[in-house]
Amino acid sequence: MTTPEFSLAELMTVAASHAFDHDGEVLATGIGVLPRLAASLAMLTSNPDLMMTDSQSYVLSKPNPISGFAGHAGQANECWMGFSRIFDNVWSSKRHAMVGPSQIDRFGQANISALGGTYQSPKVQLLGVRGFPGNSISHANSFFVPKHSNRVFVAGECDVVASIGYNPARLPKGYSVDEVDLRLIITDLCVMDFGGPDHQMRIVSLHPGVTEQEVRDNTGFELAIVDNVPTTAAPTTAQLAIMAELDPKNIRARQIKDNPPGIRPPAEESIA
Amino acid sequence: MEDEGQSFAPDTLRLITNNEYWGTKTMDKVQTPADAIAAIRDGMTIGIGGWGPRRKPMALIRELLRSDVKELTVVAYGGADVGMLCAAGKVKKVIFAFVSLDFMPLEPGFRAARESGAIDVMEIDEGLMLLGLRAAAWGVPFIPTAVGIGTDVVNHNPDIKLIDSPYDDKAWLAMPALKLDVALIQASHCDRRGVCSIESPDHYMDDWFARAAAHTIVACESIVEGSYFNDPEKARQVFWERAVTQSVVVTPGGAHPSSNDPSYGFDVAHFGVYAKHVAEGTFDAYRTQVIGDSEADYIDAVGGIDAIHALSLPVY
């Protein structure tokens, strides 16, 4: 049996899809190309009970393609779900979002609001906190990081804490960190969770050819690691076929810089 | 004996429901953009419907840009509406969860205003904004929620308080009512009495903006007869009652460069032109040359109403 060729983006997408495996009947929201592809892949493989929207105003019983999609007419609508109703869903906890923050700190707090400077005059204004505060206290969240670096996994706290994490110092009266539900972090180097001591971020698998040290060198804080850390599972032929069907224009190839292969060639290993 | 009911009812009922018989008229809320915008004065808090680059009442924003109004507080799920008002120096404070054009994640006018420290902000969660509008609509001072706890939404907004609950031992965030002096909304069709339909796939939070405001101005693509809404399918596209709307403005193509599904999509190229003006510090030229002195000038400058209607609908 030959191993199919696959890209790092496809490896990451399959790893990300597993975040939704055991969710049951929740709304899966992947923000960005690969998280959306991952949620769609999960709905078509490991968890057919997932719910998904058309990113506009309907819940679908079958995910739309993420590229080469001519228009919303004829899609598999299940019910109307405008943005106001999204919040009814969010606050009911029946949702799992996968998002791509600009910064993540050791508590799992995340930032998409602004970078540097002062709050009155940030060096870089990003999007704003968007739905991060409400998502993070209401339902499960996972993170997708296309470039694992110290700039994303910052040494201190995030410049703006847009989402709540496992930081007891920020909890108001009556709350416990156990009410926060952070799941997986998928990066271009590894998969992590918050399963270390006191919800410490923990390496759970390394992508083919990536070393533990490389992950540590690119992370601004200490990480736990599982015993006998495995290699992230390669996509199956079936998973690759479904991703190709969901993304006929192959926009997944443009999401990770230079679209590297899923298994690093030996030359790069020595550089690492 | 004739049936009294039959002989009495039909004609007389028609008479007593006929306003001409009583010398009264139904309200006519249709105004010019300039007359409508005259309701907005310096220092007011305005709410703007729509979402990012989608279904923004841009013709009303352009009319504001042509006016002398300043020192506004703006509440919005923001796009170029917020960005252009910031670029024109009309904004004191923005209450926002995001300001974005989706395909262009960072809205240029807003970004420049933030990074130069020119504006005050109240940065809140998207859902907190919804709760604040609902509180204003319902006439309550706040709505309790867990949304925002543990984040910088609390730390950066001293006006947002945590409170004790009479029913449990937890702290709750008390999202204050976001009372609006004026709401600006982009609809599809309106009748002269202010019945407004939104035929787009989503009316977003526009019903709450309308209800949170003391005065609601609705821009539409066309005026229809009241009987248009007799069709139950059309009546289902009306998300607030006419008593909530005080002013109706007819501005065909007026959501441009944002979308007004199903009439037209958003104009990526035009957003690019606007972004370039902001980047080069020439927003004044955009204001005078593109926005011009009237909405007719603007529609001409962007190639006419047919060019707007030719913009394809977004696919997500």
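Residues numbered from 1 in each chain as written. Chains lettered and ligands numbered in written order. Predicted model: local features only at pLDDT ≥ 70, side-chain atom pairs only at ≥ 80, totals over all residues.

Description of the overall build of chain B
Looking only at helices and strands, chain B has 14 helices and 14 strands in total. A compact globule built from 316 residues should have a C-alpha radius of gyration of about 20 Å, and chain B, at 22 Å, falls within 12% of that. Taken along the three principal axes of its C-alpha coordinates, chain B extends 85 × 60 × 40 Å. Here chain B holds 316 residues, and 52% of them are scored as buried. Considering only contacts in chain B between residues 6 or more positions apart, those separated by 24 or more positions represent 75%. (Helix = DSSP H or I, 4+ residues; strand = E, 2+ residues; numbered from the N terminus. Rg over C-alpha atoms; globule rule 2.2 N^0.38 Å. Buried ≥ 20, exposed ≤ 12 C-beta atoms within 10 Å, placed from the backbone. Contact = placed C-beta atoms within 7 Å.)

So, the environment of K56 of chain B
Residue and element names in this part refer to chain B. Residue position: K56 is located in the loop between β2 (45–48) and α4 (58–66). Residue K56 is classed as buried on the basis of its C-beta count, with 33 C-beta atoms lying within 10 Å. Once the C-alpha coordinates of K56 and G79 are considered, the two residues, 23 residues apart in sequence, prove to be 8.1 Å apart. With near-sequence residues (within four places) excluded, K56 lies in contact with I48, G50, G79, A80, D81, Q186, A255 and S258.

Quick word on the interface of chain A and chain B
Much of the literature gives interface size as the accessible area that the parts lose upon coming together. Between chain A and chain B, the residue contacts involve 39 residues of the former and 38 residues of the latter. Secondary structure elements with two or more residues in the side of chain A that touches chain B: α3 (83–91) and α4 (132–138) of chain A. Of the residues forming the side of chain A that touches chain B, the biggest block, 4 residues, is contributed by α3 of chain A. Looking at the side of chain A that touches chain B, its residues break down into 18 nonpolar, 16 polar and 5 charged. (Nonpolar A, V, L, I, M, F, W, Y, C, P; charged D, E, K, R; others polar.)

Here we look at the confidence of the model for chain B
Residues and elements named next belong to chain B. Within chain B, residue pLDDT values average 94, and 93% of them lie at 70 or more. Low confidence marks residues 1–10, where pLDDT is under 50. Its contacts with residues over four positions away, or in another chain, come to 1 contact. What the predictor reports for the complex is a pTM of 0.94 with an ipTM of 0.95. (pLDDT = per-residue confidence, 0-100.)

Notes on the packing of helix α6 (residues 108–115) of chain B against helix α11 (residues 268–279) of chain B
Residue and element names in this part refer to chain B. Remark: α6 packs on α11, axes separated minimally by 9 Å, with the N-to-C direction vectors making an angle of 20 degrees. As judged from the angle between their axes, α6 and α11 are roughly parallel. For the pair formed by α6 and α11, the contact residues are P108, G109 and A112 on the first element and A275, V278 and A279 on the second. The residue makeup of the contact of α6 with α11, split by class, is 5 nonpolar, 1 polar and no charged. (Axes fitted to C-alpha atoms, helices over the stretch in contact; angles between N-to-C directions. Parallel < 35°, antiparallel > 145°, perpendicular 65-115°, else oblique.)

Observations concerning the domain arrangement of chain B
Residue and element names in this part refer to chain B. What the domain assignment lists for chain B is domain 1 (30–140 + 178–309) and domain 2 (142–176). For domain 1 and domain 2, the distance between their C-alpha centres works out to 29 Å. The interface is formed by 11 residues belonging to domain 1 together with 10 residues belonging to domain 2. When residues of the side of domain 1 that touches domain 2 are traced back to their parent elements, those giving at least two are β5 (120–123) and α7 (126–138). When residues in the side of domain 1 that touches domain 2 are grouped by element, the largest group, 6 residues, is from α7. (Domains from an automatic or database assignment.)

Regarding the environment of H22 of chain A
All names here are of chain A. Locating H22 in the fold gives a position in the loop between α1 (8–17) and β1 (27–30). Assessed through the 9 C-beta atoms surrounding it within 10 Å, H22 is described here as exposed. As a C-alpha pair, H22 and L50 span 28 residues in sequence and 9.8 Å in three-dimensional space.

Points about the nonpolar core
Within the largest apolar cluster, 164 residues are counted, with the highest numbers of intra-cluster contacts made by A28 of chain A together with V74, L85, L133, L180, F209 and A212 of chain B. The two domains that each donate at least three residues to this core are domain 1 (30–140 + 178–309) and domain 2 (142–176) of chain B. For A212 of chain B, the residues in contact, after removing those within four places along its chain, are G47, L133, A136, A137, L178, K179, L180 and A183 of chain B. (Core = buried A, V, L, I, M, F, W, Y, C linked by C-beta atoms within 7 Å.)

Section: the packing of α1 of chain A against helix α2 (residues 33–44) of chain A
Residue and element names in this part refer to chain A. Running from N to C, α1 and α2 cross one another at 55 degrees; their axes reach a closest spacing of 8 Å. For the element pair α1 / α2, the angle class is oblique. Seen from above, α1 lies across α2 with right-handed handedness. Across the interface between the two elements, A9, M12, T13, V14, A16 and S17 of α1 pack against L34, P35, L37, A38, L41 and A42 of α2. By residue class, the composition of the contact of α1 with α2 is 10 nonpolar, 2 polar and no charged. (Left-handed = near helix turned anticlockwise from the far one by under 90°.)

Things to note about unusual backbone geometry
The omega torsion of the bond from H256 of chain B to P257 of chain B falls at 5 degrees, within 30 degrees of zero and hence cis. Structurally, P257 of chain B can be placed in the loop between β14 (247–250) and α11. Residue P262 of chain B is bonded to the preceding D261 of chain B through a cis peptide linkage, with omega at 10 degrees. Relative to the helices and strands, P262 of chain B resides in the loop between β14 and α11. The phi torsion at D198 of chain A lies on the positive side, around 50 degrees, for a residue other than glycine. You can see D198 of chain A is positioned in the loop between β12 (190–193) and β13 (202–206). Taking the number of C-beta atoms within 10 Å as the measure of exposure, D198 of chain A has 9 and is therefore exposed. We note that D258 of chain A has phi near 65 degrees; this positive angle belongs to a residue other than glycine. Tracing the chain through its elements places D258 of chain A in the loop between α6 (237–246) and α7 (266–271). Owing to 6 C-beta atoms within 10 Å, D258 of chain A belongs among the exposed residues under this scheme.

What to know about the sheet that holds strand β2 (residues 52–53) of chain A
Residues and elements named next belong to chain A. Spatially, β2-β3-β4 is the arrangement adopted by the 3 strands of the open sheet, whose pairing is antiparallel. Looking at the sheet topology across the chains shown, the edges are occupied by β2 and β4 (77–80). Bridging between strand β3 (residues 58–60) and β4 involves 3 bridges; their strand directions are antiparallel. Considered in β4, the bridge of Y58 is made with W80. (Pairing = 2+ DSSP bridges.)

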